[in-house]
Every structure is written in C-alpha cells, then in structure tokens.
Amino acid sequence: MVLKGDILEDPANEPMKDIYMMSVDPQDAPDQREYVNIGIDGGIPVSVNGKELSPATLLSELNKIGGRHGIGRIDMVENRLVGMKSRGVYETPGGTILFKAVQELESLTLDRETIQVKDSLALKYTELVYAGRWFDPLSESMDAFMENITKTTTGSVTLKLYKGSVSVTGRQSPHSLYRQDISSFESGDIYNQADAAGFIRLYGLPMRVRAMLEKGL
C-alpha cells in the first residue's frame, strides 16, 4: 500500500493515524509477542508456520499477521525517476517480514563477498524495477545471477513480532556455512585462537609501513 498527496505533500506533517489500511498503530498492537516461522526453498519463501502456501497466499497471510502487530510502516522522501523528490508513506507488513527472513537465512548460506556483491546489485536492480525496466538485458542478467547464488538458500527462519518490530530468534539450513566447532570461542581444533596474532600483524603491515614513512623511520 502506497499513500501520497494531500497532507503528505508537506514532509513536515505527521501522517494521520487513519490513513493506514493494512496495519495497526504499533502503540495499539497486542501486548503479547507473536512468533512466526518462514520456510524458504532456493531463496523463495514457501511456508508459514509449517504450512505450505502459494506465493500470493503466503504474502497475504503475512500481511495479516504483520499488520496486526504494526509491522512494515515506512515514511520516506524518495527521488522520482524524473528527478524531483516525493514524500510517500508505505505499508508492507508481509514484505518486511519476508525481507528480514531471507536476509537472515543468507547470513548462514552465503559467504561474505557474495553477500556484498548481492547487496550492491540489489540497489541497481531496485532502480531498474522502479523504472519499469523488467525486461532490460541488465535486469535479466541479474536475475540469472540471483537465481544461481540463492540455490543453497534453503531452510527456515523464526522471527518475533512485537509492536512494530521484527527480530530474528532462530535460523537453520542444511547448507549452513556456520560451524560451531570453528566459530566457538571456548574450544575447537580447527580454529586456533593463537593464529590471530600473526594474522593481525600481517593484516596491519601496510598501515605500519605508512606510519614508519611518515615518522621518517
């Protein structure tokens, strides 16, 4: 839901409470938190709380769940394609929940460099979609890239909804790159904490050389 015009044309005005149609005011949301589990297969959300749903039905269900907790309200000033600025108020309860769920699952299944490239391309992809360039060769190429790297983004994410906020409480995937035997600060034979000292010295070598140069050493 997108709301524009009238009182919203002045960015100094607070939106009227009754203009929202999909979500309740977070202050009026239930005092009890609600947990929701999202199942994802190949980067595509496929289930809510263990129930498999079609894409449209899944989004509709999350709109209802998120809406009653005041999730997904966005008030922003954006840059239109023609160059002028425009103020709009958006409601996207289901979209906000799905974005958070997929992003968190990717934190398990994608490496750092891939996530960085994916995030940078997402900004350009958003620009193309906003401009209606769905079938642009560039957007089609990015579609292929996204489809390829999300093959392992399969698993589930549990989120907690409470008065306008969405927080992750758990995530799991059969393709998880997270290894407790490596990541543990308590024990582990694969990652030796003592190795960090040598790495830090090498990693900081360029800065050390520059400092020596500036000091005439």
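Where an unreviewed UniProt entry is consulted, the chain appears under the name argininosuccinate synthase, with the organism given as Anisodus tanguticus. Its UniProt record gives the chain the following Subunit (unreviewed entry) comment, quoted word for word: "Homotetramer." For the record of the chain, the UniProt heading Pathway (unreviewed entry) holds the text "Amino-acid biosynthesis; L-arginine biosynthesis; L-arginine from L-ornithine and carbamoyl phosphate: step 2/3."

### Observations regarding the packing of aromatic side chains
All chains considered together, the criterion is met by zero aromatic pairs. The ring of Tyr-20 carries the charged tip of Arg-73 above its face, separated from the ring centre by 3.6 Å. Looking at Lys-163, its charged tip hangs above the ring of Tyr-162, at a distance of 6.0 Å from the centre.

### Structural notes on the layout of surface pockets
Empty space within the largest pocket amounts to approximately 1700 Å³. Taken together, the elements giving at least two residues each to the lining of the largest pocket come down to strand E5 (73-79), helix H2 (93-109), helix H3 (112-130) and helix H4 (137-149). The biggest single contributor to the lining of the largest pocket is H3, with nine residues.

### Thoughts on the pattern of salt bridges
Pairs can form between side chains of opposite charge once their charged atoms are near each other. This model, assessed by the stated rule, comprises 10 salt bridges. Of the charged contacts in the structure, one is a salt bridge between Lys-163 and Asp-31, with a shortest N-O distance of 3.0 Å. With Lys-163 in the loop between strand E7 (155-162) and strand E8 (165-172) and Asp-31 in the loop between strand E1 (2-3) and strand E2 (34-41), the pair connects residues that are 132 residues apart, well separated along the chain.

### A closer look at the packing of H3 against H4
Across the interface, H3 lies against H4 with an axial gap of 11 Å and an inter-helix angle of 145°. Helix-helix and strand crossings are classified by hand; for H3 and H4 the assignment is left-handed. Only Leu-138, Ser-139, Met-142, Asp-143, Phe-145, Met-146 and Ile-149 of H4 make contact with H3, whose side of the interface consists of Thr-114, Val-117, Lys-118, Leu-121, Ala-122, Lys-124, Tyr-125 and Leu-128.

Each value, and the rule that gives it
- Residues numbered from 1 in each chain as written.
- Predicted model: local features only at pLDDT ≥ 70, side-chain atom pairs only at ≥ 80, totals over all residues.
- Heavy atoms only, no water.
- UniProt positions renumbered as here; feature names shortened; annotations may be inferred.
- Phe/Tyr/Trp six-rings, centres within 6.5 Å; stacked < 30°, edge-to-face > 60°.
- Lys NZ or Arg CZ within 6 Å of the ring centre and 35° of its normal.
- 1 Å grid on protein atoms, 1.4 Å probe; cavity = no way out; pocket = protein on both sides within 12 Å on 5 of 7 lines; lining within 4 Å.
- Points joined across faces, edges and corners; volume = space filled by probe spheres on them.
- Helix = DSSP H or I, 4+ residues; strand = E, 2+ residues; numbered from the N terminus.
- Salt bridge = Lys/Arg side-chain N within 4 Å of Asp/Glu carboxyl O.
- Axes fitted to C-alpha atoms, helices over the stretch in contact; angles between N-to-C directions.
- Left-handed = near helix turned anticlockwise from the far one by under 90°.
- Contact = heavy atoms within 4.5 Å.

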